[in-house]
Amino acid sequence: MNVRVHITPKEGILDPQGATVERALPALGFQGVSGVRIGKFIELAYDPPAGTTAEQARAHIDEMCRKLLANPIIEDFAFELDEG
Amino acid sequence: MSQRATFEAAVTLGLTADEYARICEIQGGEPTYVELAIYSLMWSEHCSYKHSRPILGRFPTSGPRILQGPGENAGIIDVGDGWAVAMKVESHNHPSAVEPFQGAATGVGGIVRDIFTMGARPCVSMDSLRFGELTEPRQRFLLDGVVGGIAHYGNCLGIPTVGGEIYFEPSYEGNCLVNAMAAGMIRTDGIVRAIASGVGNHVVLIGSKTGRDGIGGASVLASQEFDETLEEKRPSVQVGDPFTEKKLIEACLELIHRKLVVSMQDLGAAGLTSSSSEMASKGTVGLDIHADRVPLREADMEPWEIMISESQERMLAIVTEEQLADVREVCERWDLDCSVIGQVTDTKMLRIHWHGERVANIPARRLADESPVIRTPSVKPDYIVDEPVAVSDAAYPQPTDLGAALALLLAAPNIASKRWAWEQYDYIVQANTVQIPGSDAAVLRIKDSPRGIAFSNDCNGRHCYLDPYRGAKAAVAEAARNLACAGALPVAVTDCLNFGNPEKGEIYWQFEQAVEGIAEACEALDTPVVSGNVSFYNESFGQAIYPTPMIGMLGVYDDVGVHIDDAFKDEGDVIVLLGAEAGWMDGSEYQKVAYGKVEGRVPDVDLRLEVELQGKLRAAIEARLLKSAHDCAEGGLAVALAEGAIASGVTGGTAFADPDTPQAREGGAGRWLGAEVDLGSASIVTGAAGRPDLALFGEAPTRVIVTVAPELLGPLEAVLGDLPHRVVGRVTGADLRCTMDGEELFTVPVSELHSAYESLPQRLA
Amino acid sequence: MTAPSTVRFGVVVFPGSNCDADAHHALSTFPDVDVDYLWHKDTDLKGAEAIVLPGGFSYGDYLRCGAIARFSPIMQSVIEFAEAGGLVLGICNGFQILTEAGLLPGALLRNTGLKFVCRYVNLRVDNAETAFTGACDADEVLRIVVKHNEGNYTADPATLARMKANGQIVLRYVTAAGEQGDSANPNGAVDDIAGVCNQRGNVFGMMPHPENSVEAALAGGAGGRRIFQSMVDTLMAREVAR
């Protein structure tokens, strides 16, 4: 299965990158931009052992995110997978 | 918003019944919820120092060079030619244990603000770090995060991180220590203090928008031990933005140099609350703050949240009407928010308004100065012993291979090279660094002047555990000795006192003892304490850390060109041991690493001998008699000799400032200078025990090894006079060889010692 | 025809630059040099004959290093200046900005060790004929400090081949003995590349910091003086030629 993970700063956490980019865009002529948040996008292919149910696979990916891919102290994550 | 708060609310915020009663008395009735939140923060241990204030008065804090002692954002010391150094250290222990990268980063950010808020350009960062043993994955995670956070923030600010220390002991496993020290340069006539004045002047907030960062954060975390609810404390973590702080440094220094502010204060623990109340209280004025005029990062914040938010990278300035337009212009040029959020009044009250409604009305002085003072009855712990250990062959079997024992010590994380850490720091930005990390002290020049400054960080937590008085005294002595080894004159101390729960008698005893030891040593060495920080409640599940009173010390040079480092330089140089002869097992790294024990009574510092040794060492360096000098610390004499040999061939030291030295031409790696050392007779060197391993690895204060060209040995001895000293060998060959009583103890190639010494990265893989 | 008395340099300051003062100071140690600071929001180069884009963390290195700085008003002037043949030196973050602005080929990635590295490196001068290395001997080894998190130079193979053919690869990381090898490369840069110039040879980017290696008494040593001396010599020669 193909997995796509979106990692974003937690709501309320300072996002210095987002704030800086938000300030920079008007200087290039783009008005009306607000709420810039910068995160990460991770793609991976996951081939679990035979007999793993879909629910178990989701649980594994959730654990991958929680333990390594995201920093749960300051980041939220969401993922989608397709069996393709 | 102005609802009256109840006693239950007070308890939730961590106040005691006594404290609540006192608040009601000051306020003339039940406080509003905003008032209660403000008191709970200001009267927390971290902000009010309620357990430590009565004891800290013991420190010597003044002297002819001291322009500013404790009580301001930083201490300030005159270093000559119209220049002064601002210096302070602060702990960020609890936040770093929760989120190490951001905890350490914001620790650096906070201490740097304390420096430039006084008008000093920050020029030095140093960090003293402690963790549990590296065999635990979590400790490796913490080390990695903390070093990464310091690097991220300090490098971005363009402040060189020139030194520090890193120690690993089981006692820090649940409570890592992150003590961030910073210093800055300022002209003696350019100092700005955090005193609000001028009724009608504007209160201006500059820098980042205010969010919910750290609400209940640093202050509350620092007033509680960790327990199972650690996980729930996570949302309180602040994220640092060093880019904004860099802009803040430039903007604030411009404001101060152009005299566009009356005073300035940075927002640290307890945010707007502590800054505004401290400024008002110092100035004996009042402040009206309109919380609704504070630029917010998050909508729908309540006034109490705005007042206690610990959002980083914010400064508070008092500005006259005439100055205001220029202040706005400077902030706009640096793309920084600048908002008038209040004014100075003559009411002596801190008044908070929310959309026209007054939600807090607190006497500023009483809030800042009248927190309860608590002296816990102190109790000497049972584990303290009054006698050194008996070093018997049964309890301490002698090693068969002393060379292997030396390699084991050099590879021990407490001794091994910390290059892995300091190569992540920019230690050379600002073009002032003369001595990079790895030697006894960091040395910087002052541009357009022959003068220089030097810094050291020292504390041996294990020694302080075994005897807090002797250990703390030794920490001060060691910090000064390290500066003396570099040729600098020690002049001032900033201290970071890390202890467990002060409500416990044994911990309070440790604290009192340590303060006494520091005070005596500072008096003898003439190094007043100009600033500092106390961090209590470093305990997890009832287990306290070793008492760890970390000493940061400043030294000065009339001529920075005399500085030397610890590396052996030339074949044939004579090695001389200065000071104490005997080394002890008690509390030594050897006792821990080879025998797995921490026990006994550590030796006391002979302050009279220490002062004499440091004075004569410095005189010898100023007379340019010495090639190198190195303090004997963990691992004793043998490790100090090994380090001198290892440094002879390693790239990156000041030996390579001159590209024509043999070491530089070789590029360093592989070209070592060893030594032949004769320890003399065991009975002289080690006293009654007479063991060669104690002669090699036993530890004692007031010991330095120096190297000198053979033809200068005579002049050196003339300078030393009757200071105890002994020629122990010479720099030669590529091996380190030690003999005693005519017998060889070991011969090891320096290249092998180097491999052991540089093995820390392998423990982190 | 008398030689000119001084040549003029401009050091650009972006928000977050932190090696601008060091660059200014380093240049001031050369007797024939005047130095101005150039603010990122301005377009006036103040008559500079050579531009330095200094190291640091412009805009915090947020989004990508140099990605935001390249759009500063001053950069428009710098690009015109470069297209007219003016000398431009990009150091570290300055090098990153030059690649983002398209004035130099390739890009700078995160160090392969994933950590910031501050250490001395040996640099072999693989083209001693440029305006920035003319004062060096061919194959001379300079000892200069690097301090960066994103110094891993990369370019696609076709670009690299073209650069090699044109002598655009100016500095490489080597051992003290002058040889390439893993231990000498602090960041994993392809072919141990530490500094490159454009085809015309008037724009040069290098990851190491020559401005921190101009005084023998300091920890950085004086290995970087050659770079600035080369630029001064080039500018002096140009003035005489006019």
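Thresholds, definitions, all that
Throughout, a residue's number is its position along its own chain's written sequence, starting from 1. Chain letters and ligand numbers both follow the written order, the letters beginning at A and the numbers at 1. Given that this is a predicted model, residues contribute local features only at a pLDDT of at least 70 and side-chain atom pairs are listed and counted only at 80 or more, while totals for whole chains, interfaces and linings are drawn from all residues. As a rule here, side-chain values come from all non-hydrogen atoms in the structure, and water together with hydrogens is ignored. When checking whether two residues touch, look at their non-hydrogen atoms; a contact exists if any pair is within 4.5 Å. Two parts lose some accessible area (1.4 Å probe) when they are put together, and adding that loss for both gives the buried area. Whenever Lys or Arg places a side-chain nitrogen within 4 Å of a carboxyl oxygen from Asp or Glu, that contact is recorded as a salt bridge. Polar contact is the term for a pair of N or O atoms within 3.5 Å; when the atoms are in protein, one must be able to donate a hydrogen and the other to accept it, and sequence-neighboring residues count only if both atoms are side-chain atoms. Think of a 1 Å grid over just the protein atoms. A cavity is a set of points where a 1.4 Å probe fits yet cannot get out, a pocket is an open set with protein on both sides within 12 Å along at least five of seven lines, and lining residues have an atom within 4 Å of a point. Grid points are joined across faces, edges and corners, and a volume is the space filled by probe spheres set on the points. In this classification, the charged set is Asp, Glu, Lys and Arg, the nonpolar set is Ala, Val, Leu, Ile, Met, Phe, Trp, Tyr, Cys and Pro, and all remaining amino acids, among them Gly, are polar. Numbering of helices and strands starts at the N terminus; helices are DSSP runs of H or I of at least 4 residues and strands are runs of E of at least 2. Relative accessibility decides the category of a residue: with a 1.4 Å probe and only protein chains considered, values under 20% of the type maximum give buried, values over 50% give exposed, and everything between is partly exposed. Orient the strands so they point away from the viewer; a crossover is then right-handed if the path from the first strand over the helix to the second runs clockwise. Here, any two strands with at least 2 DSSP bridges between them count as paired. A fitted line through C-alpha atoms serves as each axis, taken over the contacting stretch for helices, and the angle formed by two N-to-C directions is quoted from 0 to 180°.

An account of the interface of chain B and chain C is requested, with residue identities and associated values reported.
How large an interface is tends to be reported as the accessible area lost when its parts come together. Residue-level contacts link 37 residues of chain B with 31 residues of chain C. Together chain B and chain C conceal approximately 2800 Å² of surface at their shared face, both sides included; 59% is due to carbon and sulfur atoms. The tally of links between chain B and chain C comes to five salt bridges. The partner of K41 of chain C in a salt bridge is D335 of chain B, with the nearest N and O atoms 3.7 Å apart. Run the count over chain B and chain C and you get 15 residue pairs in polar contact (both at pLDDT 80 or more).

Give a detailed account of empty space enclosed by the protein, specifying residues and quantitative values.
All names here are of chain B. Applying the stated criterion across every chain yields a total of six cavities of 30 Å³ or more. Lining the second largest cavity are 17 residues, and of these H463, A474, E478, A700 and P701 lie nearest its centre. Across the lining of the second largest cavity, the residue classes break down as nine nonpolar, three polar and five charged.

I'd love a proper account of the environment of R258 of chain B, names of residues and values included.
All names here are of chain B. Secondary-structure assignment places R258 in the loop between α10 (242-257) and β8 (263-266). Separated by 220 residues in sequence, R258 and I38 place their C-alpha atoms 34 Å apart. Beyond its immediate chain neighbours, meaning those up to four positions away, R258 contacts D326, E329, V330 and R333. Within the structure, the side chain of R258 is placed 2.8 Å from the side chain of E254, a separation counted as a polar contact.

Give a description of the side chain of Q68 of chain B that names residues and reports values.
Residues and elements named next belong to chain B. Take Q68: it is sitting in strand β1 (residues 66-68). Taking relative accessible area as the criterion, Q68 reaches 12% and is therefore assigned buried. There is a polar contact of 2.6 Å between the side chain of Q68 and the side chain of R193. Non-local contacts of Q68, meaning those with residues more than four positions away in its chain, are made with A74, G75, I76, M118, R193 and V530.

I'd like a description of the pairing of strand β4 (residues 87-91) of chain C, backed by residues and values.
Residue and element names in this part refer to chain C. Counting buried residues along β4, five of its five residues qualify, which places the element largely inside the surrounding structure. Every second residue of β4 is oriented toward a common face, with L87, L89 and I91 on one face and V88 and G90 on the other, all of them buried. Remark: the strand β3 (residues 50-53)/helix α2 (residues 73-83)/β4 crossover connection has right-handed handedness. Two elements, β4 and strand β11 (residues 203-206), share four bridges in a ladder whose sense is parallel. Counterpart to I91 in the pairing with β11 is M206.

Before we move on, can you summarise the sheet that holds β4 of chain C with the specific residues and values?
All names here are of chain C. Ordered in space as β2-β1-β3-β4-β11-β10-β9-β6-β7, the nine strands form an open sheet in which the pairing is mixed. Strands at the two margins of the open sheet, each flanked by one partner only, are β2 (33-39) and β7 (141-148). Across the sheet, the mean angle from the axis of one strand to that of its neighbour is 25°, orientation sign disregarded. Two strands pair when backbone bridges link them, and strand β1 (residues 7-13) and β3 are joined in this way by three bridges, in the parallel orientation. Residue pairing in the sheet places F9 in a bridge with A50 of β3.

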